[in-house]
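Structure at a glance
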Amino acid sequence: MAKSVNPYKDSDLNKKAQVEQMFDNISNRYDGLNRVITFGIDQKWRRKVVKMIVAQDPETVLDIATGTGDLAIAFAQRLDKAKVTGLDISEGMLSVARKKTAAASFADRLEFVKADSEAMPYPDNHFDAITVSFGIRNFENLEKGLAEILRVLKPGGLFVVLETSVPEKFPYKQGYKFYSKGILPLIGKLFSKDKVAYGYLSESAAAFPYGERLNNIFAKIGFIETENKPQTFGVATIYTATKA
């Protein structure tokens, strides 16, 4: 099981409510800070996820923890006929996403929905493809969230996760530890009004299972054909799985 890490250690709220509060707080600066703290490399990783999904030519796509909607928007742009849904627990993040797409030509095929990823308002076997980008570690109950994803994914459908991971080789492991524990929280404190958010994002990334450990959790839930592909020396990993 993943170690539980909460954003606000002195809060009485559960993790789900704390995560919602945190992302509401940082929503207006999230995109810009993301580009800064990843040196823009996150865009390259996302393009790989988009390419994987586009290759499947799905009719329905769900992007969970969609945040400000970058991935969902890319799907709608590249898939001319697909219905794309971006789902998130944070209304603050979703409001930014909606502003981005208010006048877009594909707006009628893209919707942003505020909902809990661990109890989604969709029937069984509903989506051809589902993605989660830098959000799976924020699930309050990882196995419950994955089981819910498996439920709404169609048989044969593709599940793709992009998530942070920890490099295992020298000197990338040491460099990552220094950056994530020292530099990343400092950037967050300087540029975000939520002084603990980027410390949480660093801490939760370090505590979350990655590689084969996460693949094993996927398999336990019932996913098949699980694979993991480390990115940029292992600082992120793209996982793929399907539903039997």
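The following paragraphs examine the structure supplied in this document. Every chain's residues receive numbers from 1 upward, in the order its sequence appears when written. Per-residue local features of the predicted model are confined to residues with pLDDT of at least 70, and side-chain atom pairs are confined, for both listing and counting, to 80 or more; whole-chain, interface and lining totals are unaffected and use all residues. Computation of side-chain values covers all heavy atoms of the structure but excludes hydrogens and water.

To define a nonpolar core, start from buried Ala, Val, Leu, Ile, Met, Phe, Trp, Tyr and Cys residues and group those joined through side-chain atoms within 4.5 Å. When a residue's accessible area, from a 1.4 Å probe over protein chains only, is under 20% of the maximum for its type it is buried; when over 50% it is exposed; and in between it is partly exposed. Counting residues in each nonpolar core, the largest one holds 32 residues, and the members touching the most others are Leu146, Ile149, Phe159 and Phe223. Only DSSP runs of H or I with at least four residues qualify as helices, and only runs of E with at least two residues qualify as strands; both kinds are numbered from the N terminus onward. Every element with two or more residues in this core is listed here: β1 (60-64), β4 (127-133), α6 (142-152), β5 (153-164), α9 (212-221) and β7 (236-242). Here the element with the most residues in this core is α6; it accounts for five residues. Throughout, a contact is declared for two residues whenever any of their heavy atoms are within 4.5 Å. In this view, Phe223 contacts Leu146, Ile149, Leu150, Leu153, Phe159, Phe218, Ala241 and Thr242; residues no more than four positions away in its chain are not counted. In terms of nonpolar packing, the next biggest core, distinct from the first, is built from 26 residues, Leu71, Ile73, Leu94 and Phe106 among them.

The subject of this paragraph is helix α2 (residues 30-37). Within the span of α2, buried status applies to Tyr30, Asp31, Leu33, Asn34 and Ile37. Looking down the long axis of α2, one finds its buried residues gathered within 165° of arc, a one-sided arrangement. Positive phi appears at Phe39, one or two residues downstream of α2, with a value of about 60°. Working note: the arc is built from the helix axis to C-beta atom directions.

A word on the sheet that holds β4. The criterion for strand pairing is that DSSP finds at least two bridges linking the strands in question. Read from one edge of the open sheet, seven strands run β3-β2-β1-β4-β5-β7-β6, paired in mixed fashion. The open sheet has two edge strands, β3 (110-114) and β6 (224-231), and neither has a second partner. Strand-to-strand, the axes of this sheet are offset by a mean angle of 15°, without reference to chain direction. Inspection of the sheet shows β5 paired to β7 by seven bridges, in the antiparallel sense. Residue pairing across strands places Glu163 opposite Thr237, the latter belonging to β7. In this analysis an axis means a line fitted to C-alpha atoms, helices contributing only their contacting stretch, and an angle means the value between N-to-C directions, from 0 to 180 degrees. Strands β1, β4, β5, β6 and β7 of the sheet are contacted by helix α3 (residues 41-56), whose axis makes an angle of about 175° with β5. Here α6 sits on the sheet in contact with β1, β4 and β5, set at roughly 145° to β5.

Our next topic: the environment of Ala129. With respect to the helices and strands, the residue Ala129 is situated in strand β4. A residue is classified by how much of its surface remains accessible, and Ala129, at 1% relative accessible area, is buried. With 85 residues separating them along the chain, Ala129 and Leu214 place their C-alpha atoms 19 Å apart. Setting aside anything within four residues of it in sequence, one finds Ala129 in contact with Ile53, Pro58, Thr60, Val61, Leu62, Leu153 and Leu158.

The next subject is the pairing of β1. Of all five residues in β1, five are buried; the element is thus mostly enclosed. On β1, burial covers both faces: Thr60, Leu62 and Ile64 on one face and Val61 and Asp63 on the other are all buried. Taken together, β1, helix α4 (residues 70-78) and strand β2 (residues 83-88) constitute a β-α-β crossover, and its handedness is right-handed. The pairing of β1 with β4 spans four bridges and is parallel. Bridged to Asp63 within β4 is Thr131. Consider the strands pointing away from the viewer: the crossover is right-handed when the path from the first strand over the helix to the second runs clockwise.

For side chains bearing opposite charge, pairing can occur when the charged atoms are close. One side-chain nitrogen of Lys or Arg within 4 Å of one carboxyl oxygen of Asp or Glu is enough to make a salt bridge. Following the criterion strictly, the structure yields 13 salt bridges and no others. As a salt-bridge pair, Lys16 and Glu140 come within 3.9 Å of each other at their nearest N and O atoms. Of this pair, Lys16 sits in helix α1 (residues 15-26) while Glu140 is found in the loop between β4 and α6, placing the two residues 124 residues apart along the sequence. On the basis of relative accessibility, which here comes to 18%, the residue Lys16 falls in the buried class. A residue is classified by how much of its surface remains accessible, and Glu140, at 34% relative accessible area, is partly exposed. Between Asp42 and Arg46 there is a salt bridge, and its shortest N-O distance comes to 2.5 Å. A residue pair is termed a helical-turn pair when its members lie 3 or 4 positions apart in one helix, as Asp42 and Arg46 do in helix α3 at four residues. What emerges from the salt-bridge pattern is a single network uniting Lys16, Asp116, Glu118 and Glu140.

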